[in-house]
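Working through the structure, step by step
So the chains spell out like this:
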Amino acid sequence: MTESLLQIVYKALDDKRAEDIVVLNMQNISLLADYFLICNGNSDRQAQAIAREVQEKAQENGYEIKRVEGFDSARWILVDLGDVVVHIFHKDERAFYNLERLWGDAPQLDMPAAE
């Protein structure tokens, strides 16, 4: 079930042209979620569009959105889907927070290209 949610979210990110999508396998590393998806948009508007698409596609497929944070400021939007947490950054903020380095012990997953 988590893998299908992962595919849905990845495709939503890709459809809205999110940049530099990274998928971290957080199993055995964090109790927060099984997977983190990290990406960025080039503007506030694009970051919000990406977050909206993730929420819409998750809901269309019967997944519950636990919470969304940072949507209005659009600098770092967090979409919590339970086992999958999506971090959508404005491009200017991503390097500053550098979650990939923070969670450097988490293996990165290669996702197949969205269909």
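Refer to the structure printed above.
None of the values given here were measured: they were computed from a predicted structure.

1. Overview of the overall build of the protein chain
Regarding its fold elements, the protein chain presents four helices and six strands. Written out in order from the N terminus, the α and β elements of the protein chain read α-β-β-α-β-β-β-α-α-β. Radius of gyration (C-alpha) of the protein chain: 13 Å, near the 13 Å computed for a compact globule of 115 residues. Residue pairs in contact within the protein chain that sit at least 24 positions apart in sequence constitute 59% of those at least 6 positions apart. Within the protein chain, one finds 12 positive and 21 negative side-chain charges whose respective centroids are separated by 6 Å.

2. As for the sheet that holds strand 5 (residues 84–90)
Across the sheet, six strands lie side by side as 3-4-5-2-1-6; this open sheet has mixed pairing. Strand pairing shows two members of the sheet lacking a second neighbour, strand 3 (67–69) and strand 6 (108–109), which therefore form its edges. Contacts from helix 1 (residues 2–15) reach strand 1 (19–25), strand 2 (35–41), strand 5 and strand 6 within the one sheet, and its direction differs from that of strand 2 by about 5°.

3. Regarding the side chain of Asn 40
Along the chain, Asn 40 turns up in strand 2. Its relative accessible area of 7% is what places Asn 40 among the buried residues. Reaching out from Asn 40, the side chain makes a polar contact with the side chain of Arg 94 at a distance of 2.9 Å. Filtering out sequence-adjacent residues up to four positions away, Asn 40 remains in contact with Ala 18, Glu 19, Asp 20, Ile 50, Phe 89, His 90, Lys 91 and Arg 94.

4. Here's the deal with helix 1
Under the 1.5 Å per step criterion, the end-to-end length of helix 1 is 20 Å for 14 residues, consistent within 8% with the ideal 20 Å. For helix 1, the complete set of buried residues consists of Thr 2, Leu 5, Leu 6, Ile 8, Val 9, Tyr 10, Ala 12 and Leu 13. Where helix 1 is buried, its residues touch strand 1, strand 2, helix 2 (44–60), strand 5 and strand 6. Two residues or fewer after helix 1 comes Arg 17, characterised by a positive phi angle close to 60°.

Analysis parameters
Residues numbered from 1 in each chain as written. Predicted model: local features only at pLDDT ≥ 70, side-chain atom pairs only at ≥ 80, totals over all residues. Heavy atoms only, no water. Helix = DSSP H or I, 4+ residues; strand = E, 2+ residues; numbered from the N terminus. Rg over C-alpha atoms; globule rule 2.2 N^0.38 Å. Contact = heavy atoms within 4.5 Å. Lys, Arg positive; Asp, Glu negative; His and termini not counted. Charge placed at Lys NZ, Arg CZ, Asp CG, Glu CD. Pairing = 2+ DSSP bridges. Axes fitted to C-alpha atoms, helices over the stretch in contact; angles between N-to-C directions. Buried < 20%, exposed > 50% of the residue type's maximum accessible area, 1.4 Å probe, protein only. Polar contact = N/O pair within 3.5 Å; in protein donor to acceptor, adjacent residues only side chain to side chain. Expected span 1.5 Å × (residues − 1).

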